[in-house]
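Chain by chain, the residues:
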Amino acid sequence: MVKIITYVPSNKVSTIKKGQTINFSVPTGDGLTSRLIGKVREIGVYPVNINKQSGYEIISTAKINDENVKYGMQGNATIVTGSSTYFEYFLDKVLNKR
């Protein structure tokens, strides 16, 4: 297991819940991208300052499925906060329903 620490702006943190899926992609040394799938475990209760910006710390865990992923690597994280069918998506976009 690996711990993934991400920071989310205060205007987005309310959409994140424990147990949601996180997709983490990290470039490896051979020019490929390794992808990890995990779950959100902890959500910060107050904002922290990172590089002169305020954000909430989100801690997630994922199984390592690639030996090229090492401690301290940086990448891109996406947290899945909701889902809908294609029909619901198009209904929303075309008719402004929902």
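Residues numbered from 1 in each chain as written. Predicted model: local features only at pLDDT ≥ 70, side-chain atom pairs only at ≥ 80, totals over all residues. Heavy atoms only, no water.

Asker: So what exactly am I meant to see when it comes to the layout of surface pockets here?
Answerer: Over the atoms, a rolled probe matching the size of one water molecule traces out where space is still vacant. Volume-wise, the largest pocket comes out at about 660 Å³. In terms of lining, the largest pocket is formed by 25 residues, of which the most central are Ile4, Ile5, Thr6, Phe24 and Met73. Looking at the lining of the largest pocket, the elements that each hand over two or more residues are β1 (2–8), β2 (21–27) and β6 (76–79). There is about 160 Å³ of room inside the second largest pocket. Contributing to the lining of the second largest pocket are Tyr7, Val8, Pro9, Val48, Ile50, Asn51, Gln53, Ser54 and Gly55. For the lining of the second largest pocket, the elements supplying multiple residues, two or more each, are β1, β4 (48–50) and β5 (53–62). A per-class count over the lining of the second largest pocket returns 5 nonpolar, 4 polar and no charged. (1 Å grid on protein atoms, 1.4 Å probe; cavity = no way out; pocket = protein on both sides within 12 Å on 5 of 7 lines; lining within 4 Å. Points joined across faces, edges and corners; volume = space filled by probe spheres on them. Helix = DSSP H or I, 4+ residues; strand = E, 2+ residues; numbered from the N terminus. Nonpolar A, V, L, I, M, F, W, Y, C, P; charged D, E, K, R; others polar.)

Asker: I would appreciate a short explanation of the side chain of Ser34 in the present structure.
Answerer: For Ser34, the location among the structural elements is in strand β3 (residues 33–43). Residue Ser34 is classed as buried on the basis of its relative accessible area, which comes to 4%. In contact with Ser34, not counting residues within four places along its chain, are Phe24, Ser25, Val26, Thr28, Asn65, Asp66 and Val69. (Buried < 20%, exposed > 50% of the residue type's maximum accessible area, 1.4 Å probe, protein only. Contact = heavy atoms within 4.5 Å.)

As far as function goes, none of this settles anything; it's purely spatial.
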